[in-house]
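What follows is each chain in one-letter form.
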Amino acid sequence: MDEEVLRRTEAILAERPGDDAAHEARARALLALGRLEEAEADAMDAVRLDPDEVRYRELLAEIQSGRGEHADAAAEYARLARRDPRQVAWTVAEAAERIEAAEAGKGVEAARRAVRLDPGNFDAQLALARGLIHLGDAAAALPAASRASDLRPGDATAREALADALWLSAREPAAFDEFSALANELAGRDRERVLAKARSLYRQRAGWLGRALVSAPPIFEFALRHGWLRVR
């Protein structure tokens with residue numbers, strides 16, 4: 001179906017090069033096919049042809065984020081948020097992209113704006129917690145992560161942020177227990193990321209025998225899965 005969209009839009013653009021809707025449709029099809037560089041070019045054409053169309057700018061930001069161009073995506077979301085500050089989702093998206101772009105300070109500023117607009121917004125609280133963790137602000141990160149967890153109990157992303165905040169706050173045993181529980185529940189890249197944190201924390205607190213255990217990942221994971229590991 002996406003290939004058919006590409007064929008149709010190519011024909012349309014051959015006749016009407018300035019058709020912004022065709023550029024949008026083509027960008028979405030290319031995005032679905034994983035052809036992000038081409039998708040970005042068409043999304044930028046759509047924005048150039050109709051700079052006021054919100055849908056085109058949202059699409060461009062999504063593609064830029066997918067390409068790892070987090071600073072550019074943040075700038076697009078910030079531009080959208082300035083147009084309508086009441087749209088919390090854009091400010092939250094800006095915060096998340098700022099943090100991914102290693103601009104944690106700006107990310108925290110955006111997240112705090114979002115929290116002021118909607119204190120009960122889970123994504124805003126989570127973005128705030130993550131930004132504060134990146135800044136190393138333990139005193140502020142732990143309450144923010146706790147609020148995110150309270151807003152969506154059991155959510156894995158909130159639990160991981162809370163574990164990060166606990167670790168930052170020198171509450172290593174509680175952090176390790178949460179990492180351990182998550183490692184047994186998650187899969188794929190999420191599990192690998194949490195396992196890496198559990199190994200790092202255990203190595204930090206363990207003696208020579210514990211460090212030897214960490215150096216043997218299959219044994220460490222087996223012990224972790226059976227609940228045999230603790231930190232003090």
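Look up a bit, the structure's there.
Below, the structure is looked at part by part. Just so we're clear, the structure is a prediction, and the values are computed from it rather than from any experiment.

Some remarks on the packing of helix α4 (residues 54-66) against helix α5 (residues 70-83)
And step 1. The contact between α4 and α5 brings their axes to 7 Å, and the two run at 155 degrees. Classified by the angle their axes make, α4 and α5 are roughly antiparallel. Every pair of crossing elements has a handedness; the one defined by α4 and α5 is left-handed. Of the residues in α5, those in contact with V54, R57, E58, L60, A61, E62, Q64 and S65 of α4 are H70, D72, A73, E76, Y77, R79, L80 and R83.
And step 2. Class assignment for the residues of the contact of α4 with α5 results in 6 nonpolar, 3 polar and 7 charged.

Observations regarding helix α12 (residues 188-205)
And step 1. The terminal C-alpha atoms of α12, which comprises 18 residues, lie 26 Å apart, in line with the 26 Å expected from a rise of 1.5 Å per residue.
And step 2. Within α12, burial applies to V194, L195, K197, A198, R199, L201 and Y202.
And step 3. Contacts made by the buried residues of α12 are with α10 (156-168), α11 (172-183), α13 (208-214) and α14 (217-225).

Focus on unusual backbone geometry
And step 1. Positioned with a positive phi, A102 is a non-glycine residue whose angle comes to about 60 degrees.
And step 2. Along the chain, A102 falls in the loop between α6 (88-100) and α7 (104-117).
And step 3. You can call A102 exposed: its relative accessible area is 71%.
And step 4. Positive phi, close to 65 degrees, is recorded for A170, a residue that is not glycine.
And step 5. Mapping A170 onto the fold places it in the loop between α10 and α11.
And step 6. Relative accessible area serves as the criterion here: at 52%, A170 is assigned to the exposed category.

Regarding the environment of A41
And step 1. Within the fold, A41 resides in helix α3 (residues 36-49).
And step 2. For the pair A41 and R26, spaced 15 residues apart in the sequence, the C-alpha separation amounts to 10.0 Å.

Overview of the nonpolar core
And step 1. In this structure, L128, F176, F179, Y202, F220, L224 and L229 are the most contacted members of the largest nonpolar core, which totals 45 residues.
And step 2. Here the element with the most residues in this core is helix α8 (residues 122-135); it accounts for 8 residues.
And step 3. A27, A46, V47 and L59 belong to the second-largest nonpolar core, a separate cluster that totals 13 residues.

Details of the layout of surface pockets
And step 1. Taken as a whole, the largest pocket encloses approximately 600 Å³ of empty space.
And step 2. Lining the largest pocket are 19 residues, and of these I99, E100, L126, R130 and T157 lie nearest its centre.
And step 3. Those elements that place two or more of their residues in the lining of the largest pocket are α6, α8, α10 and α12.
And step 4. With 6 residues, the top contributor of residues to the lining of the largest pocket is α8.

Some thoughts on the packing of helix α2 (residues 20-32) against α4
And step 1. Across the interface, α2 lies against α4 with an axial gap of 11 Å and an inter-helix angle of 25 degrees. When the axis of α2 is compared with that of α4, the two are roughly parallel. In the crossing of α2 with α4, the sense of the turn from one axis to the other is left-handed. Within the contact between the two elements, α2 uses D20, A21, E24, A27, R28 and L31 and α4 uses R55, Y56, L59, E62 and I63.
And step 2. When the residues that make up the contact of α2 with α4 are grouped by side-chain class, the tally is 6 nonpolar, no polar and 5 charged.

Digging into the side chain of D164
And step 1. With respect to the element layout, D164 can be found in helix α10.
And step 2. If we skip the residues at most four places from it in the chain, D164 touches I133, F179 and K197.

Quick word on the pattern of salt bridges
And step 1. Applying the stated criterion to the full structure yields 29 salt bridges.
And step 2. Taking the shortest distance from any N to any O, the salt bridge between R26 and E10 comes out at 3.1 Å. Pair noted here: R26 is in helix α2 and E10 is in helix α1 (residues 2-15), with a separation of 16 residues, a long-range link.
And step 3. On the accessibility criterion, E10 (44% relative accessible area) is partly exposed.
And step 4. The partner of R191 in a salt bridge is E192, with the nearest N and O atoms 3.8 Å apart.
And step 5. We classify E192 as partly exposed; its relative accessible area is 41%.

Calculation criteria
- Residues numbered from 1 in each chain as written.
- Predicted model: local features only at pLDDT ≥ 70, side-chain atom pairs only at ≥ 80, totals over all residues.
- Heavy atoms only, no water.
- Axes fitted to C-alpha atoms, helices over the stretch in contact; angles between N-to-C directions.
- Helix = DSSP H or I, 4+ residues; strand = E, 2+ residues; numbered from the N terminus.
- Parallel < 35°, antiparallel > 145°, perpendicular 65-115°, else oblique.
- Left-handed = near helix turned anticlockwise from the far one by under 90°.
- Contact = heavy atoms within 4.5 Å.
- Nonpolar A, V, L, I, M, F, W, Y, C, P; charged D, E, K, R; others polar.
- Expected span 1.5 Å × (residues − 1).
- Buried < 20%, exposed > 50% of the residue type's maximum accessible area, 1.4 Å probe, protein only.
- Core = buried A, V, L, I, M, F, W, Y, C linked by side-chain atoms within 4.5 Å.
- 1 Å grid on protein atoms, 1.4 Å probe; cavity = no way out; pocket = protein on both sides within 12 Å on 5 of 7 lines; lining within 4 Å.
- Points joined across faces, edges and corners; volume = space filled by probe spheres on them.
- Salt bridge = Lys/Arg side-chain N within 4 Å of Asp/Glu carboxyl O.

On their own, these measurements won't tell you what the molecule is for.
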